Amino acid sequence: MDAEALTPLYTGAEVRQAEAPLLEAGEGPQLMARAAWGLAGEVAVQLRHRRGRIYGTRVTGLIGPGNNGGDGLFALALLRRRGVDARAVLVSDRAHDQGLAAFRQAGGRLTQSIDADVDVLIDAVIGTGTSGGFALPQVPGLTEALARESTAVVACDAPSGVDPGTGAVAQEVIAADLTVTFGGHKLGLMVGAGAQASGRVVVVDIGMAGELARFRAEAARSRSVVAAEPVTPAPRRQDHKYSRGVAHVVAGSHRYPGAAVLSVRAAVQTGCGMVTLYAPGPVVSLVTAAQPEIVGTTAPEIPPRATAVAVGPGIAEDPGQCAALDCALDWAQRTGGRLVLDASALTLLAERGEQLTAQLPASTVLTPHLGELRALMEAAGRKDLCEELEASPVTAVEDFAGYLGCTVLLKGASTIIAEPRSRTLVHRVQAPGLATAGSGDVLTGVLVALAATAGPKVPLAEIAATAVRRHGQAACRLDPQGRGGFGASALIEACNGAAIRASAGTFD
Ligand SMILES: NC(=O)C1=CN([C@@H]2O[C@H](COP(=O)(O)OP(=O)(O)OC[C@H]3O[C@@H](n4cnc5c(N)ncnc54)[C@H](O)[C@@H]3O)[C@@H](O)[C@H]2O)[C@@H](O)CC1
């Protein structure tokens, strides 16, 4: 993947470090003015969207004692000048002096409570200066406002209660519909509970890109939001089916035949030289009827021409399929071929206890959801990492990948992909409809086809990130409003469409 096409993620502390020289040079007020301008602009968009106008709408800000509160006050002043009934609740006995003066001068009103008809509530209590736990300020009307559909909650820089560095949340949090964050993407808004509390995230450039870039170059580890596709090679004129890559899938059982249909069809539609399937005879027949170009086998050995293998979707309780897992592990160990382990394959691995760590070749990617990851961590004797998953999900996944010596992809609304000695990739998508049976099987199919065709130098994490991105984009295309009205089968064609758009360079 083109490294420049990735969007870096920063911790709150890293952004503060990048800011420091600008503040020393006396540029603080300009930075704050730009932050406030960006915040007010995004609030105006919300108002227009919800009320069809800006003039005469109502916005209340919860204002903390630091610069985050200063941003909020300046933004409220700008909104007031556009005819908004702008009010501020000071949650501390201190407030940013210049911000407060600007707010007053613009005609803003201080208040002690939040009214029921407020259109937007700005959370400017704490941003990157957060430390320790967080309790909701005791403001009459706050709990009601947070629960009300008609009030949009917009967080200034980061929702109060979220650790912008890790994604951990305090015992209480002001969950936002929209977070307007400054300077660059912050890690804690993209992963774990922090991502859930942040809603949609918009980044406002406040003129510190140069500082951040310099800082990024110095950073020991860089984390990224996936923003572009690695190019999987288009078929060349001289290609034949074997030179394009052969994806072998071990999936499906008498109990779950559909998992094989979904993963194999997804692999075929993603595009590679050939897709082969190992499954019980009736499952092979079913899949062949759905996708006649595949080659089925009932022997567990990995076909000699395979360039990537996936094991797992729906193989539960099938002894032959379980034997195929060992064949696949052995194949990857011998050849260095890319191996995707998903679903039931992960359960089988967890049953092997601490032995599992010795069995995983470096060319493996595990694709657990949270429950499966916890089970694997416990089985591997790393229960400590289960606790870390809440406090700092990215670190926990990175540590586990390092411990196992292979790539780990934690599925969820935010996907975290950690490959040892490589940058960690995070992909966040607003596609709640992906929480449907079979969507993971489709992801496995897309991933194994990409792994079969990608050149040998493309890191496995980046191939996995591409698969996750296509999958997420497909769901967004099918269901732009996030109402969940689609099944996993529909994702397959949509993934393919997503890929075509990506190669045309039209994503986002
Ligand atoms: N430094 C700058 O000049 C700029 C800062 N910006 C804004 O300023 C923010 C950072 O400002 P600050 O460093 O003043 O920090 P914050 O305003 O984020 O928070 C610090 C204040 O919150 C209190 N606090 C910390 N943790 C708390 C907790 N758990 N519960 C209750 N109160 C708590 C602290 O006592 C302190 O008074 C950024 O998030 C951003 O919004 C932007 O305006 C851009 C420029």
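Keep in mind the model is a prediction, meaning the values are calculated, not measured. (Residues numbered from 1 in each chain as written. Predicted model: local features only at pLDDT ≥ 70, side-chain atom pairs only at ≥ 80, totals over all residues. Heavy atoms only, no water.)

Right, let's talk about the nonpolar core for a bit. Leu277 and Val442 are the most contacted members of the largest nonpolar core, which has 54 residues in total. Of all the secondary structure elements, the ones that give two or more residues to this core are strand S11 (246-250), helix H8 (257-270), strand S12 (274-278), helix H9 (281-290), strand S14 (308-311), helix H16 (439-453), helix H17 (460-478) and helix H18 (488-503). (Core = buried A, V, L, I, M, F, W, Y, C linked by side-chain atoms within 4.5 Å. Buried < 20%, exposed > 50% of the residue type's maximum accessible area, 1.4 Å probe, protein only. Helix = DSSP H or I, 4+ residues; strand = E, 2+ residues; numbered from the N terminus.)

Contacts to the ligand come from 25 residues, most closely from Asn67, Asp71, Gly127, Gly133 and Asp157. With respect to the ligand, the side chain of Asp71 contributes an N or O atom lying 2.4 Å from an oxygen atom. Secondary-structure elements contributing two or more residues to the shell around the ligand are helix H1 (12-24), helix H2 (28-51) and helix H3 (67-81). Considering each element in turn, the shell around the ligand owes the most residues, four residues, to H2. (Near = heavy atom within 4 Å. Polar contact = N/O pair within 3.5 Å; in protein donor to acceptor, adjacent residues only side chain to side chain.)

So, on to the sheet that holds strand S7 (residues 178-182). Pairing is parallel across the open sheet formed by seven strands, whose spatial order is S4-S3-S2-S5-S6-S7-S9. Each end of this open sheet is capped by a strand with a single partner; those strands are strand S4 (109-110) and strand S9 (200-204). (Pairing = 2+ DSSP bridges.)

Domain annotation for the chain reports domain 1 (3-222) and domain 2 (246-503). Taking only C-alpha atoms into account, the centre of domain 1 sits 38 Å from that of domain 2. Contact with domain 1, which involves 17 residues of that partner, is made by 14 residues of domain 2. Of the roughly 1200 Å² buried at the junction of domain 1 and domain 2 (both faces included), carbon and sulfur atoms supply 56%. The interface formed by domain 1 and domain 2 holds four residue pairs in polar contact (both at pLDDT 80 or more) in total. If you list the elements that add at least two residues to the side of domain 1 that touches domain 2, you get helix H6 (192-198) and S9. Per element, the largest residue contribution to the side of domain 1 that touches domain 2 is three residues, and it comes from H6. Among the residues making up the side of domain 1 that touches domain 2, the classes are represented as 10 nonpolar, five polar and two charged. (Domains from an automatic or database assignment. Contact = heavy atoms within 4.5 Å. Buried area = accessible area lost by both parts, 1.4 Å probe. Nonpolar A, V, L, I, M, F, W, Y, C, P; charged D, E, K, R; others polar.)

With that settled, the discussion passes to the pairing of strand S19 (residues 424-428). Burial runs high along S19: five of the five residues are buried. A two-sided burial pattern is seen for S19, the buried positions comprising Thr424, Val426 and Arg428 on one face and Leu425 and His427 on the other. Judged from the four bridges that link them, strand S18 (residues 414-418) and S19 form a sheet pairing that is antiparallel. Residue Ser414 lies in a different strand from S19, and its bridge partner there is Arg428. As consecutive antiparallel partners, S18 and S19 are separated by five residues, and within that stretch Arg421 has a phi angle of approximately 60°, a positive value.

Below, the discussion takes up unusual backbone geometry. Unlike most non-glycine residues, Asp157 shows phi in positive territory, near 75°. When you line up the elements, Asp157 lands in the loop between strand S6 (152-156) and S7. Backbone geometry at Ala343 places phi at a positive 45°, although glycine is not the residue there. Secondary-structure assignment places Ala343 in helix H11 (residues 343-351).

Right, let's get into the UniProt feature "domain: YjeF N-terminal" (unreviewed entry) in the chain. Sites flagged by UniProt as "domain: YjeF N-terminal" (unreviewed entry) map to residues 15-214. Secondary structure content for residues 15-214 is 38% helix and 18% strand, while the C-alpha to C-alpha distance between its ends is 12 Å. (UniProt positions renumbered as here; feature names shortened; annotations may be inferred.)

Next up on the list: the packing of aromatic side chains. The description of an aromatic ring pair uses the distance of the two centres, along with the angle that the planes make with each other. If you walk through the whole model with that rule in mind, you get zero aromatic pairs. Looking at Arg305, its charged tip hangs above the ring of Tyr242, at a distance of 3.8 Å from the centre. Its end group placed over the ring of Tyr403, Arg382 keeps NZ or CZ at 4.8 Å from the ring centre. (Phe/Tyr/Trp six-rings, centres within 6.5 Å; stacked < 30°, edge-to-face > 60°. Lys NZ or Arg CZ within 6 Å of the ring centre and 35° of its normal.)

Next up on the list: the pairing of S7. Counted residue by residue, S7 has five buried out of five residues, so it is predominantly covered. A two-sided burial pattern is seen for S7, the buried positions comprising Leu178, Val180 and Phe182 on one face and Thr179 and Thr181 on the other. Across three bridges, S6 lies against S7 in parallel orientation. Within S7, the position partnered with Val154 by the bridge is Leu178. As judged from the five bridges shared by S7 and S9, these two strands associate in the parallel manner. Across the sheet, the residue bridging to Phe182 is Val204, located in S9.

This part takes up the UniProt feature "binding site: (6S)-NADPHX" (unreviewed entry) in the chain. Cross-referencing UniProt, the feature "binding site: (6S)-NADPHX" (unreviewed entry) maps to Ala259, Gly314, His369 and Asp441 in the present numbering. With respect to the element layout, Ala259 can be found in helix H8. A residue is classified by how much of its surface remains accessible, and Ala259, at 9% relative accessible area, is buried. What Ala259 contacts, discounting residues up to four positions off in sequence, is Pro313, Gly314 and Asp441. With respect to the helices and strands, Gly314 occurs in the loop between S14 and helix H10 (319-335). Here Gly314 falls in the buried class, since its relative accessible area comes to 9%.

On to the pattern of salt bridges. Within the structure shown, the criterion is met by 12 salt bridges. The salt bridge partner of Arg265 is Glu493, with a shortest N-O separation of 2.7 Å. In this pair, Arg265 sits in helix H8 while Glu493 sits in helix H18, placing the two residues 228 residues apart along the sequence. Since its relative accessible area comes to 17%, Arg265 is described here as buried. The partner of Arg334 in a salt bridge is Asp330, with the nearest N and O atoms 3.1 Å apart. Linking Arg334 with Asp330, this pair stays in helix H10, spanning four residues, or about one helical turn. Residue Asp330 is classed as partly exposed on the basis of its relative accessible area, which comes to 40%. Linked by salt bridges that have partners in common, Arg58, Asp85, Arg87, Asp115 and Asp117 make up one network. (Salt bridge = Lys/Arg side-chain N within 4 Å of Asp/Glu carboxyl O.)

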